[in-house]
2 protein chains.
Amino acid sequence: MAKGDSGNDKHCSNPGCTVTYALKLIDGKWKLPIICTLGEQTVRYNELKRQIKGITSMMLTSSLKELEECGIVHRKAYNEVPPKVEYSLTKEGMSLTPILFNLGLWGQDLKCNERSE
Amino acid sequence: MAKGDSGNDKHCSNPGCTVTYALKLIDGKWKLPIICTLGEQTVRYNELKRQIKGITSMMLTSSLKELEECGIVHRKAYNEVPPKVEYSLTKEGMSLTPILFNLGLWGQDLKCNERSE
DNA sequence: CTGGATCCAAGCGGATACTG
DNA sequence: CAGTATCCGCTTGGATCCAG
């Protein structure tokens, strides 16, 4: 609609391709695990790292930063020693959940069909 | 549930992470454009290539193959000379559309909030 | 017309070590 | 505790050429 169009976003004829934008926000190996781990709770950095098996500090930090920048995750830092930072989903982040749930149902459906090949 | 679990799919606590599976199916630069271009129609290979600006034969072919293998796209080849192959969405593919639409609405919402930063 | 094969560049993500 | 910095391999996708 405004600027920021890099050339070929005309394909997704239906919603104007905020779909592509949305998918980009949750793209990357760890975004989904982070979002799901947060859920309705407020979780500290190291607690996230502990619960999400296999993630490194770097990936956790950078993923959280991206999720924060686009408004999915809220970051609250306490000025204490030792440091304490809590992460939680924003209301926009929480509104993703039902959509992902539907997507999951759809995926489950396709998974079944796969077995009949 | 069966085999095929590569280690850490336990994160997405809600639907069991068929979400991750679903997202993987539509992952890649061209899957979405292809799905949206197909829509309700039946489109030939070269017509797809023409409508999806920037895609190469290779990416179109491989993307279509993956979409076909997972049951999103239907491929119908006519044994003719010159060759004629038509692609269309399966009913599972079409059932994705409303979900993507909701995802698009969600993305649109986040896009607006972005401007206030 | 509908692909397949090969080569190559860029980016994502992993491993490791370090810091306030 | 909560990150940062650097290096590096692997995967994704693009360019080009070839084929039935």
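Note that the structure is predicted; figures quoted are calculated from it, not measured.

### A few points about the environment of Leu67 of chain B
Residues and elements named next belong to chain B. By the secondary structure assignment, Leu67 is in helix H4 (residues 57–69). Spatially, the C-alpha atom of Leu67 lies 10.0 Å from that of Thr90, the residues being 23 residues apart in sequence. If near-sequence neighbours (up to four positions away) are discounted, Leu67 is found in contact with Leu25, Lys31, Ile34, Ile35, Ile72 and Val73.

### Here's the deal with the protein's contact with DNA strand D
Neighbouring DNA strand D are 19 residues, the closest being Thr61, Arg75 and Tyr87 of chain A together with Lys29 and Trp30 of chain B. The sugar and phosphate moieties of DNA strand D supply 78% of its atoms located within 4 Å of the protein. A distance of 3.0 Å separates a phosphate oxygen of DNA strand D from a polar side-chain atom of Arg44 of chain A. Between DNA strand D and the protein, one listed contact pairs a phosphate oxygen with a side-chain N or O atom of Trp30 of chain B at 2.7 Å.

### Some remarks on the relation of the copies chain B and chain A
With an RMSD of 0.0 Å, the fit of chain B onto chain A corresponds to turning through 180 degrees and sliding 0.0 Å along the axis. Both chain copies can therefore be described as sitting about a two-fold axis. Residue Ile99 of chain B, judged by its C-alpha, is the member of chain B lying nearest the rotation axis, at 3.5 Å. When the interface residues of chain B are mapped onto chain A, 100% of them are again interface residues, pointing to one common binding face.

### Some remarks on the pattern of salt bridges
Inspection of the entire model under this criterion finds seven salt bridges over all chains. Its salt-bridge partner being Glu47 of chain A, residue Arg50 of chain A comes within 2.5 Å of it at the nearest N-O pair. Of the two residues, Arg50 of chain A and Glu47 of chain A are both situated in helix H3 (residues 45–51); the distance of three residues between them amounts to about one turn of the helix. Since its relative accessible area comes to 51%, Arg50 of chain A is described here as exposed. Assessed through its relative accessible area of 29%, Glu47 of chain A is described here as partly exposed. One salt bridge in this structure joins Lys84 of chain B and Glu86 of chain B, with 4.0 Å as the shortest N-O distance. Given a relative accessible area of 23%, Lys84 of chain B falls into the partly exposed group.

### Here we look at the pairing of strand S3 (residues 84–89) of chain A
When a strand is regular, its side chains alternate between the sheet's two faces. Residues and elements named next belong to chain A. Of all the six residues making up S3, five are buried; the element is thus mostly covered by neighbouring parts of the structure. The pairing of strand S1 (residues 43–44) with S3 spans two bridges and is classified as antiparallel. Note that in S3 the partner of Arg44 across the bridge is Glu86.

### A short note on the nonpolar core
Core analysis: the biggest nonpolar cluster contains 60 residues, and Ile26, Ile72 and Trp106 of chain A together with Ile26, Ile72 and Trp106 of chain B have the highest contact counts within it. Those residues within four positions of Ile72 of chain A in sequence are excluded, and the remaining contacts are Leu25, Ile26, Ile35, Leu67, Ser88, Leu89, Thr90 and Gly93 of chain A together with Trp106 and Leu110 of chain B.

### Regarding helix H2 (residues 31–38) of chain A
Each full turn of the α-helix corresponds to 3.6 residues, which orients residues three or four apart in the same direction. All names here are of chain A. In terms of residue burial, H2 counts as a mostly covered element, since eight of its eight residues are buried. Along H2, the residues classified as buried are Lys31, Leu32, Pro33, Ile34, Ile35, Cys36, Thr37 and Leu38. Positive phi appears at Gly39, one or two residues downstream of H2, with a value of about 55 degrees.

### So, the protein's contact with DNA strand C
As a structural note, the neighbourhood of DNA strand C is formed by 18 residues, with Asn46, Met58, Thr61, Arg75 and Tyr87 of chain B the closest of them. Here DNA strand C approaches the protein such that, of its atoms within 4 Å, sugar and phosphate make up 76%. Interatomic distance of 3.4 Å between a backbone N/O atom of Pro83 of chain B and a sugar or linking oxygen of DNA strand C. Taken together, the elements giving at least two residues each to the surface near DNA strand C come down to helix H4 (57–69) of chain A together with helix H3 (45–51), H4 and strand S3 (84–89) of chain B.

### Focus: the interface of chain B and chain A
Facing 45 residues of chain B, the contacting portion of chain A comprises 45 residues. There are zero salt bridges connecting chain B and chain A. For the pair chain B and chain A, the interface holds seven residue pairs in polar contact (both at pLDDT 80 or more). Of all the elements in the fold, those that place two or more residues in the side of chain B that touches chain A are helix H1 (18–25), helix H2 (31–38) and helix H6 (96–115) of chain B.

Calculation notes
- Residues numbered from 1 in each chain as written.
- Chains lettered and ligands numbered in written order.
- Predicted model: local features only at pLDDT ≥ 70, side-chain atom pairs only at ≥ 80, totals over all residues.
- Heavy atoms only, no water.
- Helix = DSSP H or I, 4+ residues; strand = E, 2+ residues; numbered from the N terminus.
- Contact = heavy atoms within 4.5 Å.
- Near = heavy atom within 4 Å.
- Polar contact = N/O pair within 3.5 Å; in protein donor to acceptor, adjacent residues only side chain to side chain.
- Least-squares fit on C-alpha atoms with pLDDT ≥ 70 in both.
- Salt bridge = Lys/Arg side-chain N within 4 Å of Asp/Glu carboxyl O.
- Buried < 20%, exposed > 50% of the residue type's maximum accessible area, 1.4 Å probe, protein only.
- Pairing = 2+ DSSP bridges.
- Core = buried A, V, L, I, M, F, W, Y, C linked by side-chain atoms within 4.5 Å.

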